[in-house]
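Next come the chains, spelled out residue by residue.
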Amino acid sequence: MFKDLILNKIESAVTKAVQAGQLPEMEDYQKLLRCEIPKNAEYGDFAVNVSPLAKFARKAPVQIAQIITDNMDFSDADVNVVAGFINFKLTNKVLNSVVEEVLMKKDMYGSNESGKLQKIILEYISANPTGPLHIGHGRWAAMGSALANLLKFSSYDVYQEFYINDAGNQINNLAKSLWIRVLQQMGKPADFPADEELSKNYYTGDYLIETAQNYLKENSEKAEDFAKSCQDVLNPSDEIMKEMAVYAKAQMLKKQQDLLANFRVHFDNYFSELYLHQNGYVDACVKKLEDAGKLYEKDGAVWFRSSDYGDTQDRVIKKNDGTNTYLTADIAYHYDKLKRGFDKLINIWGADHHGYVARVKASIEALGDDPDKLEVLLGQLVNLVENGEQVRMGKRTRMLTLEDLIEEVGVDATRFWMIMRNIDTTLDFDIDLAKSSNDENPVYYAQYAHARSSSILRNACAPRVDVENNSTLSAFFEKEELENLEKTADLNNLWNDSDKDAVSATRELILKIENFKDVVLVASKLRAPYMLCRYLLELAASFHHFYNCARVLNVEKEVMKARLSLVISTKQVLKTALGLIGVSAPETM
RNA sequence: GUGCCCAUAGCUCAGUCGGAUAGAGCGACAGUCUCCGAAGCUGUAGGCCGGCGGUUCAAAUCCGCCUGGGCACACCA
């Protein structure tokens, strides 16, 4: 990366200056220096502000900048000093090397090794298998999968997991609800309680009707027997409950999984909460906390001393009816993750769960591990906007599921919009905009750049029509010729154009391509896939600008070869970046 | 009431460890297709970075207080 290269040059220049007595010894001064891209391109391609050194060097920033520059030997850039800034403008030769690098590394261009050896388990969505995924889940789904791609690209060893909350009361409610739907489908008198309080314990949405139909298709005889034996419709026997629970859970999970696959989200594992209970993991974990002296009894319940570890208060781990709380299973789950040998536990949680972070971290520490291994990304929620107004997800208005949304706006647009914003700002998802295939929709802007680059490459190899003579001309290039451009193209031809705009657009585009490496690195470090979206829009803009300033085809042959090399590089980076966020890179649109 | 997050152009948002004149997109206005895809490009207008203090050579950025919004404060999951 050029940024690193420049900082290295500065460091050796400083060393030289210190030896020459022009600058005093400065401890850890490197930390103060940052290589950045100037907002104003007139200053150059990169800049380093040396003002922070003024205090230690006891000199004015301009002087320091001048001393460093005088001691610098840097043939790859024009260097100049403005105030406390050292500005760098790279030579064309170095810019050529960027294009060469992309052509050589192809799919791997932009990847880095910063995450080497770190084993990460990334947990996200983790919905109850009690109904369809909603739009909020969609944000975690898109972000989580994009983050996984991104981290892998930075050489992290990423394992993606979905925690199924398939134990507890909600499942009983699901089973009861399915039973009512099954009876209804059999034509028997059955309905949810009319009382509003009581009906809260049922899933009254239509989606269980289909599940009931499927159940009857496969189990009609069994259902008849159940129906005969059932005395109280609202309180079926344990046998019926178990049957309904197992069936409903499996169906709901299957539906969720199918939808996620369609949404380009792939988990390495679906981890069942029930499994934790059934294998005694939860009890074992409670025992371990007890042995560590971190539990006590009060009011008939068992409490965990989470406040010993920074939580605002202690938490109940066993209710006075003897059953575990949700937290208990969660503690066991995270303990299990650690036992599986992961270095980092990254969770994506909705902001409404932020209160849980402290207690789960507390449990990790109480169980003798490092709480900093747990990294929770708290995501703000999604507001749906339609016709310029917020669609409340409440009971009265229509229920829009993730499936509905994807059907309405498509996978690409949904994913892009879900990832586009920083995770800690509330996302306004404007359905009308996301659906629109016009210039208001950023997804198409990025994809269009890819389609356009593809189109140029197609045209380069296609026979041409001579309108004046109504005859056919041969193509500019054979396919093989294009594939071997990195060997035959002389990239110096990028810079021969007397048109200043063409040259500066070329510079801008190449620098943007080079910037990709830095974006991947920073976005990985900050766990911020939204940066990829912003980058894509910037890269697309640079490409469109280049396209309008510099003709690629039907110019002098050597110029064509050089510019086609750049088009191929751009197309590659667009494709890689789109791939990381799970959005398709179309050849045509 | 307490804790977490947020407040930047008419709207939606960037601004990575404090640094040069605060940036995009949309919307508005004005240009631009006998030429590789006009889903594009070029230009103009638009800002007391919610308010007040503080730290600093330097604050949208850090600290304190205030205002306005979101979320959470269960022996629910």
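Residues numbered from 1 in each chain as written. Chains lettered and ligands numbered in written order. Predicted model: local features only at pLDDT ≥ 70, side-chain atom pairs only at ≥ 80, totals over all residues. Heavy atoms only, no water.

**Focus: the packing of aromatic side chains**
Thought 1: Applying the stated criterion across every chain, the model contains 22 aromatic pairs.
Thought 2: Aromatic pair Trp179 and Phe226: ring centres 6.2 Å apart, planes at 90°, arrangement edge-to-face. Of the two residues, Trp179 is situated in helix H6 (residues 169-185) and Phe226 in helix H8 (residues 207-229); the sequence distance between them amounts to 47 residues.
Thought 3: What makes Trp179 buried here is its relative accessible area of 0%.
Thought 4: A relative accessible area of 6% places Phe226 in the buried class.
Thought 5: Arg415 extends its terminal NZ or CZ atom over the ring of Phe263, reaching a point 5.6 Å from the ring centre.
Thought 6: Directly above the ring of Tyr547 sits Arg452, whose terminal nitrogen or CZ lies 3.8 Å from the centroid. (Phe/Tyr/Trp six-rings, centres within 6.5 Å; stacked < 30°, edge-to-face > 60°. Helix = DSSP H or I, 4+ residues; strand = E, 2+ residues; numbered from the N terminus. Buried < 20%, exposed > 50% of the residue type's maximum accessible area, 1.4 Å probe, protein only. Lys NZ or Arg CZ within 6 Å of the ring centre and 35° of its normal.)

**Here we look at the domain arrangement of chain A**
Much of the literature gives interface size as the accessible area that the parts lose upon coming together.
Thought 1: By domain assignment, chain A separates into domain 1 (2-90), domain 2 (169-262), domain 3 (383-435) and domain 4 (442-580).
Thought 2: Distance from the C-alpha centre of domain 1 to the C-alpha centre of domain 3: 47 Å. (Domains from an automatic or database assignment.)

**Section: the pattern of salt bridges**
Thought 1: A full pass over the atoms with the stated rule returns 25 salt bridges.
Thought 2: Note that Glu161 and Arg340 form a salt bridge whose closest N and O atoms lie 2.8 Å from each other. Of this pair, Glu161 sits in strand S6 (residues 157-164) while Arg340 sits in the loop between helix H12 (326-339) and strand S11 (344-350); the two residues are 179 residues apart in sequence, bridging distant segments of the chain.
Thought 3: On the basis of relative accessible area, Glu161 is assigned to the buried category, the value being 0%.
Thought 4: Taking relative accessible area as the criterion, Arg340 reaches 27% and is therefore assigned partly exposed.
Thought 5: What you see here is one network of salt bridges that share partners, running through Glu101, Lys105, Glu514 and Lys517. (Salt bridge = Lys/Arg side-chain N within 4 Å of Asp/Glu carboxyl O.)

**Quick look at the protein's contact with RNA strand B**
Thought 1: The environment of RNA strand B is formed by 58 residues, the closest being Arg34, Lys319, Tyr356, Arg452 and Tyr530.
Thought 2: Sugar and phosphate atoms form 59% of the subset of RNA strand B atoms that lie within 4 Å of the protein.
Thought 3: Arg34 is positioned with one of its side-chain polar atoms (N or O) 3.0 Å from a sugar or linking oxygen of RNA strand B.
Thought 4: By residue number, the principal contributor to the surface near RNA strand B is helix H17 (residues 442-460), which donates seven residues. (Near = heavy atom within 4 Å. Polar contact = N/O pair within 3.5 Å; in protein donor to acceptor, adjacent residues only side chain to side chain.)

**Here's the deal with the environment of Gly136**
Thought 1: With respect to the helices, strands and loops of the structure, Gly136 is situated in helix H5 (residues 135-153).
Thought 2: You can call Gly136 buried: its relative accessible area is 16%.

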